[in-house]
Every structure is written in structure tokens, then in C-alpha cells.
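# Summary of structural features
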Amino acid sequence: MTETETEPERSTDGTDAATEGFVLTGIDGLDEMLGRGVPAGHIITVMGSFGTGKTTFALQFLMQGLINGEKGIFISLEEDVESVIANAASFGWDLRPYLKEKKLHIVKLEPADAKTTVTRIKSELPDFIKRSGASRVAVDSISLLNMLFADDTERREKLFSLCKQLKSTGATCVFTAEVKDDNARSSRDGLVEYVSDGVIGLRFNERENGDVQLVIQVIKMRRLKHPRSVKPYSITDQGIEVHGDMEVF
Ligand SMILES: Nc1ncnc2c1ncn2[C@@H]1O[C@H](COP(=O)(O)OP(=O)(O)OP(=O)(O)O)[C@@H](O)[C@H]1O
Ligand SMILES: [Mg+2]
């Protein structure tokens with residue numbers, strides 16, 4: 001992750017012309033691969049099978065914002081608030097002071113209470129983002145959220161309108177998404193990659209001898225000429241680090 005204080009060449013109004021309009025994801029190696037991070041206001045879907053680091057990615061993205069002095073919202077459909085805090089702490093990210101100062105909000109949505117959850121998201125989320133002043137929002141996972149809708153038509157409609165509302169807030173968003181069992185290049189519902197501005201794929205690369213490597217690929221990024229190369233990454237006790245200078249095996 002990057003400490004803003006150490007960034008050189010800032011103009012007098014505090015912005016950096018070269019990075020204006022861009023947001024650092026906080027994923028070391030990925031921001032360098034993309035050049036300046038991702039375009040501000042984008043909805044980025046991080047898609048991968050279980051254990052590839054999707055939740056870690058979302059937390060690291062929010063943590064980079066908090067370090068920058070930005071505010072964030074983590075919407076969790078899986079883990080409860082305490083578990084999210086403990087998860088972040090295992091990477092050395094202490095969320096509690098940010099929660100206390102209301103710079104970070106963790107919202108746990110109960111999938112069991114589907115109807116209320118869906119209504120709440122639609123009616124309250126955009127307003128909540130604006131009121132809290134959050135410039136980064138993470139939804140973990142959009143696949144679970146999509147499962148709350150009855151059929152494909154409703155899912156498509158609701159996801160489209162959620163994205164539209166999120167875009168109206170100007171916040172940069174990260175959605176995590178599960179992939180199909182037989183195709184790691186397609187999300188479970190096959191929808192979210194179309195409505196997102198950017199798609200980043202995480203997957204396991206397995207060799208015949210049993211060696212396993214985690215690999216990342218920027219599959220789509222609107223408004224940006226980006227590399228499509230597949231690069232190895234690791235998850236350490238400091239989060240995700242992409243090895244842009246290494247080749248996959
Ligand atoms: N503190 C840590 N230090 C090093 N590696 C860790 C740490 N915490 C998790 N990991 C690694 O990251 C993996 C899981 O990361 P994460 O929970 O972000 O994945 P995920 O894609 O969200 O999984 P799921 O689909 O199950 O939600 C773990 O299986 C483990 O290999
Ligand atoms: Mg997860």
C-alpha cells in the first residue's frame with residue numbers, strides 16, 4: 001500500500017496532476033501494472049473461486065482509502081462485523097479506530113431477510129454513501145446479493161439499477177464475485193462482468209506436478225489501456241502483492 005505523505009511532486013492544491021481522476025487500489029504491483037490505479041468512480045469486479053483472496057482485495061482497497069484520509073463502506077453478505085475486523089487484523093490492518101471515528105462503516109446484510117435487504121439497499125444505500133462521505137465502497141459478495149433475487153430478469157434489473165445508483169454517488173466500488181464451477185473466467189451469475197467498468201480475475205494455476213500458483217489478470221478496464229498479461233500474486237500477512245516482474249509457470 002502507498003502512504004500519500006511519501007508521494008512526491010504534489011501540486012499546491014494537494015492534487016497530483018498525473019494521478020488525478022485515478023484511485024490507487026492499494027494492491028502492490030497491481031497499481032504499477034495499471035499505471036495509476038483505476039479510474040475514479042469505476043465499479044470493479046474482483047472475481048475468483050473460494051480462497052483466491054477476494055475479501056482480502058476488498059479490505060486492502062478500503063484500507064488504502066483510509067490511509068489516504070478517505071472514507072469507506074464495507075458491505076458484507078457473508079462475514080459478520082467482528083469477523084471482518086478480525087480478518088483485517090490478520091493482515092495488520094486495525095479497522096477499529098476508523099470505525100470509531102466513522103471513517104469506515106461495516107454493514108452486515110442478512111441474506112435470510114431477503115426482501116428487507118433488497119429494499120434497504122435500493123432505498124438507503126446511495127443516500128448513506130453520500131451522507132457518510134465515503135469515496136470507496138466494497139460489496140462482498142455481489143454473488144450472494146444477486147442470489148436474493150427471484151429470477152434472471154429481476155437480477156439483471158436490480159443489479160443494473162444498483163450500479164447506476166452507485167455511479168451517481170461518484171464513489172469507486174469493488175464488488176467481489178464468485179465464478180462458475182467449470183469456468184473461472186465467468187462469474188456465477190454471468191451478469192456482473194457486463195455491468196462493471198473493470199473486471200479483475202483471480203485464479204489458481206495448477207501444474208501437472210501438483211504445484212499451485214495464484215495468478216491475476218486484468219480482464220477489462222473501461223477508459224484504460226491495460227496489460228492483459230497473467231501475473232503471479234501472493235497473499236502474505238501484509239495482504240495481496242502482485243509480482244508484475246515475474247512470469248507464470
Ligand atoms: N493473514 C493472512 N496471512 C497470509 N495469508 C492469508 C491470511 N489470511 C488469509 N490468507 C490466505 O488468503 C486466503 C483467503 O483469502 P480470502 O478470504 O480473501 O479469499 P476469498 O476469495 O474471499 O475466499 P471466499 O470465496 O471463501 O470468501 C486464505 O485461504 C489464505 O490462504
Ligand atoms: Mg471472501
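Remember, predicted model here, so these are calculated numbers, not experimental data. (Residues numbered from 1 in each chain as written. Chains lettered and ligands numbered in written order. Predicted model: local features only at pLDDT ≥ 70, side-chain atom pairs only at ≥ 80, totals over all residues.)

This part is about the site of ligand 1. Among the 13 residues in the neighbourhood of ligand 1, the closest are listed as Phe50, Lys54, Thr55, Thr56 and Ser90. When residues of the shell around ligand 1 are traced back to their parent elements, those giving at least two are α2 (54–68) and β12 (231–236). Here the shell around ligand 1 takes 3 residues from α2, the largest share from any one element. Of the residues assigned to the shell around ligand 1, the class counts are 3 nonpolar, 8 polar and 2 charged. (Near = placed C-beta within 6 Å. Helix = DSSP H or I, 4+ residues; strand = E, 2+ residues; numbered from the N terminus. Nonpolar A, V, L, I, M, F, W, Y, C, P; charged D, E, K, R; others polar.)

What follows concerns the nonpolar core. Buried together is how nonpolar side chains tend to be arranged in soluble globular proteins. Ranked by size, the top nonpolar core spans 58 residues in total, and within it Ala58, Leu62, Phe74, Val137, Ala138, Cys173 and Val174 carry the most contacts. If we skip the residues at most four places from it in the chain, leucine 62 touches Gly72, Phe74, Leu104, Arg136 and Ala138. (Core = buried A, V, L, I, M, F, W, Y, C linked by C-beta atoms within 7 Å. Buried ≥ 20, exposed ≤ 12 C-beta atoms within 10 Å, placed from the backbone. Contact = placed C-beta atoms within 7 Å.)

To continue, consider the pairing of strand β10 (residues 198–206). With 5 bridges connecting them, strand β3 (residues 43–48) and β10 associate as parallel partners. In the sheet register, isoleucine 44 faces β10, and the bridge partner there is glycine 198. With 9 bridges connecting them, β10 and strand β11 (residues 212–221) associate as antiparallel partners. Within β11, the position partnered with glycine 198 by the bridge is methionine 221. (Pairing = 2+ DSSP bridges.)

Turning to the pairing of β3, a few remarks are in order. With 6 of its 6 residues buried, β3 lies for the most part within the structure. Alternating positions in β3 separate into two faces, Ile43, Thr45 and Met47 on one and Ile44, Val46 and Gly48 on the other, with burial throughout. One ladder, built from 5 bridges, connects β3 with strand β7 (residues 172–177); its direction is parallel. Bridging from a neighbouring strand, threonine 45 pairs with phenylalanine 175 of β7.

With that settled, the discussion passes to α2. With 15 residues, α2 ought to run about 21 Å at 1.5 Å a step, and its terminal C-alpha atoms sit 22 Å apart, in line with that. Taking burial as the measure, the 15 residues of α2 include 13 buried ones, the bulk of the element. Once α2 finishes, glycine 69 follows within two positions and takes phi at roughly 90°, a positive value. (Expected span 1.5 Å × (residues − 1).)

With mixed pairing, 9 strands are arranged side by side in an open sheet as β5-β4-β6-β7-β3-β10-β11-β12-β13. The open sheet has two edge strands, β5 (104–108) and β13 (239–242), and neither has a second partner. Along the sheet, successive strands turn relative to each other by an average axial angle of 20°, direction set aside. Here 4 bridges tie strand β6 (residues 136–140) to β7, and the two strands are oriented parallel to one another. Paired with arginine 136 across the bridge in β7 is threonine 172. Those strands touched by α2 are β3, β4 (72–76), β5, β6, β7, β10, β12 and β13, and its axis lies near 165° from that of β6. (Axes fitted to C-alpha atoms, helices over the stretch in contact; angles between N-to-C directions.)

Attention shifts here to the confidence of the model for the protein chain. Of the residues in the protein chain, 93% have a pLDDT of 70 or more, and the chain-wide mean is 90. Counting contacts from residues 6–14, a segment whose pLDDT is below 50, to residues more than four positions away or on other chains yields 6 contacts. (pLDDT = per-residue confidence, 0-100.)

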